[in-house]
Amino acid sequence: MPEFQTSPGMRDILPPDSARWRQFQSVFAGVVESAGYGEIMPPLMEDLGVFQRIGDATDVVTKEMYDFTDKGDRHVALRPEQTASVCRAFAQHRPPTPWKVFYAGPNFRYEKPQRGRYRQFDQVGIEVLGADDPYLDVEVISLGWEFYEKLGLQRVELLLNSLGEPEDRARYVAALETYFRDNIASLTPESRITLEKNPLRVLDSKREGDAGIVSGAPRIADFYSEGAAAHFAAVQQGLTDLNIPYTIDTKLVRGLDYYRHTTFEYIGQTLDSAQNALGGGGRYDGLVASLGGPDTHGIGFALGLDRTLLACDDEGVFAAPDPSVDVFVVDSTGGRQALRITAELRNAGFSVDRAFENRSMKSQMKAADRSGASVALIIGSNELEAGTIVVRPMRGAVDVNRQREVPRGDMISEVTKALIVAVKEASA
Ligand code: AMP
């Protein structure tokens, strides 16, 4: 064992897996950029206070923050999520509204590491600041949905709820609190603590011991004002217009104190129920103002990479991209020819690898095999003298009789031909 290993909950993402991560981000960027979202890259670290504005009823803020004092005596934290940073950036830069942004990258939470739960983990997400329109809620929700479709996932369920207007929510929270206090003996000790901080969060409890009491709790739908009911109806109508199926889940409250109106979650139906939320989001007010900006409406979502990839594995979709190159150059004359040939081919747009250290022909051919290249280009002293090069197909029926010695000047066109044949054979 080497002296140093990654810390608990932290991982090296190695090739070829890393290519899948990048592809994940680029599929996401493709979906949201085509809807007018631009990328924001907030810093990994902010003043602790930025994240504390998320509210003090979430473990993310109270227990899991990587915070420390820097050399300038500032109390800072690694970001546990990115919504707060986006709102801080909006308050700082005051861009024109609606401000539609997306992000992709790592967050940090000091959690107990387990399958699908890490201390450094990647999310992609979008936020829209400065617009209050139910059809925007539909746009946001539909983009997450479209992303999962693009990955090839089919077993995703969309859960939907509305928390109503802040006043509706306040009346509801009061009713919930009364209900839970009247039944406090039936709550788990953990939920009793949560009740003190935020009665809404008790609804989030996935603990067996709370199931009975939670299922009998008052329902938010009975507290909607007319405006809230109309907003929620328009969201549902819009989703139906776009043929996006959803399930209303009145217990879906999400933690943030600033949430109002629409909340939603995407559930991976193949995953264990304790950890099956692929991502989620909602509409919020007040976060920008709490960070020193104007009163601003916001809506967004964050989707976790790890659980989504687990769901992809379960459904057998979105495999890691093929890391192989088009061409592998084998040079038994010392390596300088390979240097020139690879440069020429790469300039022409091919992906090309080669062997180093002037290994034996046999060892270089093995490397060519391992590289997954469709075509090997072989040059030895005979070819060098004759001004030729050997083109050998590496896939399908590998057979020396299929290799051809061609003039060096025809290399690019011959490689192109050989690759076309390889693609045809692969799809036959
Ligand atoms: P949240 O920001 O807590 O609403 O989480 C949104 C999504 O991010 C979740 O549904 C998970 O897919 C993912 N996620 C949250 N925390 C972690 C973690 N510690 N490790 C991996 N993924 C996470």
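What you see is a predicted model, and the numbers here were worked out from it, not measured in a lab.

*Asks:* Help me out: how do you make sense of the environment of isoleucine 389 in this one?
*Replies:* Residue position: isoleucine 389 is located in strand β15 (residues 388-393). When the C-alpha atoms of isoleucine 389 and proline 407 are compared, they prove to be 6.3 Å apart, with 18 residues separating the residues in sequence. Residues contacting isoleucine 389, with those up to four places away along its chain left out, are Ile341, Leu377, Ile378, Ile379, Glu383, Arg404, Glu405, Val406, Arg408 and Met411.

*Asks:* Teacher, can you tell me more about the packing of helix α5 (residues 134-151) against helix α10 (residues 226-241) here?
*Replies:* Axis angle and axis distance: for two packed helices, these are the angle between their axes and the distance between the axes, and together they describe the pair. Two elements in contact, α5 and α10, have axes separated by 8 Å at closest approach and are oriented at 45 degrees. Relative to α10, α5 is oriented oblique. Along this stretch, α5 crosses α10, giving a crossing that reads as right-handed. Contacts between α5 and α10 involve Pro134, Tyr135, Asp137, Val138 and Ile141 from the former and His231, Ala234, Val235, Gly238 and Leu239 from the latter. When the residues that make up the contact of α5 with α10 are grouped by side-chain class, the tally is seven nonpolar, two polar and one charged.

*Asks:* Would you mind showing me how to read the site of the ligand here?
*Replies:* Surrounding the ligand, one finds 15 residues, the nearest of these being Arg109, Glu111, Tyr118, Arg254 and Ala277. Leucine 278 places a main-chain nitrogen or oxygen 3.0 Å from an oxygen atom of the ligand. The backbone of glycine 279 places a nitrogen or oxygen atom 3.3 Å from an oxygen atom of the ligand. Notes on the ligand: free accessible area 490 Å², of which the protein chains cover 87%. Within the residue set of the shell around the ligand, elements represented by two or more residues are β6 (120-129), β10 (277-285), β11 (297-304) and α12 (305-315). Here the shell around the ligand gets three residues from one element, more than from any other, and that element is β10. By residue class, the composition of the shell around the ligand is five nonpolar, four polar and six charged.

*Asks:* In this structure, what is going on with the nonpolar core? I would like to understand it.
*Replies:* One finds Phe180 and Tyr266 to be the most contacted residues of the largest nonpolar core, which totals 87 residues. Excluding anything up to four places from it in sequence, phenylalanine 180 contacts Leu187, Leu195, Pro199, Val202, Leu203, Ile213 and Ala217. Grouped together as the second largest cluster of nonpolar side chains are 17 residues, Ile341, Leu377, Met411 and Leu419 included.

*Asks:* Please clarify how the pairing of strand β14 (residues 375-379) should be interpreted in this entry.
*Replies:* Regular strands place side chains that alternate from one sheet face to the opposite one. Most of β14 sits out of view: five of its five residues are buried. Bridge count for strand β12 (residues 327-331) against β14 is five bridges, and the pairing is parallel. Of the residues in β14, the one forming a bridge with valine 327 is valine 375. Looking at chain direction, β14 and β15 are connected through four bridges and run antiparallel. By the bridge assignment, isoleucine 378 is partnered in β15 with valine 390.

*Asks:* Is there a simple way to think about the side chain of serine 371 in this case?
*Replies:* The topology assignment puts serine 371 in the loop between α14 (361-370) and β14. Serine 371 gets classed as buried once you look at its relative accessible area, which sits at 15%. Only 2.7 Å separates the side chain of serine 371 from the backbone oxygen of alanine 368, close enough to count as a polar contact. In this structure the side chain of serine 371 is engaged in a polar contact, spanning 3.1 Å, whose partner is the backbone nitrogen of alanine 373. Discounting residues that sit within four places of it in the chain, serine 371 has contacts with Ser324, Val325 and Phe328.

*Asks:* Please clarify how the packing of helix α13 (residues 336-347) against helix α16 (residues 411-427) should be interpreted in this entry.
*Replies:* The interhelical angle for the contact between α13 and α16, taken along N-to-C directions, is 65 degrees, at an axis separation of 11 Å. When the axis of α13 is compared with that of α16, the two are roughly perpendicular. Two packed elements cross with a definite hand, and for α13 against α16 that hand is right-handed. Contacts between α13 and α16 involve Ile341, Glu344 and Leu345 from the former and Met411, Ile412 and Val415 from the latter. In terms of residue class, the contact of α13 with α16 is built from five nonpolar, no polar and one charged.

Calculation notes
- Residues numbered from 1 in each chain as written.
- Predicted model: local features only at pLDDT ≥ 70, side-chain atom pairs only at ≥ 80, totals over all residues.
- Heavy atoms only, no water.
- Helix = DSSP H or I, 4+ residues; strand = E, 2+ residues; numbered from the N terminus.
- Contact = heavy atoms within 4.5 Å.
- Axes fitted to C-alpha atoms, helices over the stretch in contact; angles between N-to-C directions.
- Parallel < 35°, antiparallel > 145°, perpendicular 65-115°, else oblique.
- Left-handed = near helix turned anticlockwise from the far one by under 90°.
- Nonpolar A, V, L, I, M, F, W, Y, C, P; charged D, E, K, R; others polar.
- Near = heavy atom within 4 Å.
- Polar contact = N/O pair within 3.5 Å; in protein donor to acceptor, adjacent residues only side chain to side chain.
- Areas by Shrake-Rupley, 256 points an atom, 1.4 Å probe, with all protein chains shown as cover.
- Core = buried A, V, L, I, M, F, W, Y, C linked by side-chain atoms within 4.5 Å.
- Buried < 20%, exposed > 50% of the residue type's maximum accessible area, 1.4 Å probe, protein only.
- Pairing = 2+ DSSP bridges.

Read these as geometric descriptors, not functional statements.
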